[in-house]
Amino acid sequence: MPERVVETRSRKLRVLEAEGAVPAPAVRFQPKPEWIRMKMPAGEVFFDLKKRVAELGLHTVCESASCPNIGECWNRRSLTIMILGGTCTRSCQFCDVPTGRPLPADPEEPERVATMLAELGLRHTVVTCVDRDDLADGGAAHWAATIRAVKRRSPELVLEVLTGDFKGDTGAVDTVLAAAPDVFAHNLETVPRLSRQVRVQASYARSYAVLGHAKRRGAITKTGLMLGLGEELPEVRQVMRELRDIGVDILTFGQYLRPSPKHLAVARFAHPDEFAALKAEALALGFPHVESGPMVRSSYHADGQRDIVLALRNR
């Protein structure tokens, strides 16, 4: 297959394209509604944090996935570190993280992550990763080393880990859980009907199995979905019911925003009232905590969830 190099905002994203594939039709530009507003990255705190991340040779999902909240979050000294390198082995069509053949996992990365988080003195943070299907354990041992290093340097920190699906390997999930993260998160991203198109190499059954296994092991669990990919509200409500059956504790809803013209188009911009209604429905179903809004992302304002996590843990 020939290789197409897709220019993103900050890098080149390599995507394999089948021979003779018909190009997707051009999508008319959709102006963002008034409730989609991002703060431009600026200020001394932002640039100091950016410099320190670079000095430690770390990756953040804030930068790699072109997160629209980076200006706001980094000026609050809140960032989401992305471990296992900066290249993902999967090619999810909503995501701006580069896909390709990654370098071997860096054994010194866990200590550098721990150093960064200790310097920030955060009370709660999220660490995420690229998918590493090239590794036999999907990066689980590296995850465990990172969690232990962070806990050793910052024992009071509430640590949320946002992992991939480890190809459904529950043994790998156990390796991560044995390191005692405070929250185990894995995102569904969209409804089952669209999952293959949006997440490509993932499967709904596998994601449910991973979340269910973590919950049965006693973990506080979290997942998130995006609106605006073509889902129907009855489909979203069905997923909510199934997640409660699994026992998922924390649920997030956010608006999908297209990182570049080469990614999936936005099917619609959900109104803030719709996010509020979904939150009310989810709480009525019994979810202990729900974050729902156009600009919500998995780690957006997660630092404000510390007390919620501690309450769930004590319960």
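Residues numbered from 1 in each chain as written. Predicted model: local features only at pLDDT ≥ 70, side-chain atom pairs only at ≥ 80, totals over all residues. Heavy atoms only, no water.

A. Region of the structure containing the sheet that holds strand β4 (residues 81-83). As summarised here, the arrangement of the 8 strands in space is β3-β4-β5-β6-β7-β8-β9-β10, forming an open sheet in which the pairing is mixed. In this open sheet, the two strands that pair with only one neighbour each are β3 (59-60) and β10 (289-292). Strands β8 (221-227), β9 (250-255) and β10 of the sheet are contacted by helix α10 (residues 272-285), whose axis makes an angle of about 170 degrees with β10. (Pairing = 2+ DSSP bridges. Helix = DSSP H or I, 4+ residues; strand = E, 2+ residues; numbered from the N terminus. Contact = heavy atoms within 4.5 Å. Axes fitted to C-alpha atoms, helices over the stretch in contact; angles between N-to-C directions.)

B. Structural detail: the nonpolar core. Of all hydrophobic cores here, the largest spans 39 residues; its most connected members are I81, I83, M116, L117, W143, V176 and F184. For this core, the secondary-structure elements that each account for two or more residues are α1 (44-55), β4, α4 (109-120), β5 (124-129), α5 (140-153), β6 (158-162), α6 (170-178) and α8 (204-216). Each residue touching I81, except ones within four places of it in the same chain, is listed here: L58, H59, T60, V113, M116, L117, V126, V127 and T128. Within the second largest apolar cluster, 33 residues are counted, among which are M240, F269, F275 and L278. (Core = buried A, V, L, I, M, F, W, Y, C linked by side-chain atoms within 4.5 Å. Buried < 20%, exposed > 50% of the residue type's maximum accessible area, 1.4 Å probe, protein only.)

C. Up close: the side chain of T252. Within the secondary structure, T252 sits in strand β9. Not counting the four nearest positions on each side in its chain, T252 is found in contact with K222, T223, G224, L225, E291, V296 and S298.

D. Looking closely at the packing of α1 against α4. The contact between α1 and α4 brings their axes to 10 Å, and the two run at 155 degrees. Taken together, α1 and α4 sit at an angle that is classed as roughly antiparallel. Of the two possible hands of crossing, α1 and α4 adopt the one that is right-handed. Residues L49, R52 and V53 of α1 touch α4, and the partners they reach there are T115, M116, E119 and L120. Along the lines of polarity and charge, the residues of the contact of α1 with α4 split into 4 nonpolar, 1 polar and 2 charged. (Parallel < 35°, antiparallel > 145°, perpendicular 65-115°, else oblique. Left-handed = near helix turned anticlockwise from the far one by under 90°. Nonpolar A, V, L, I, M, F, W, Y, C, P; charged D, E, K, R; others polar.)

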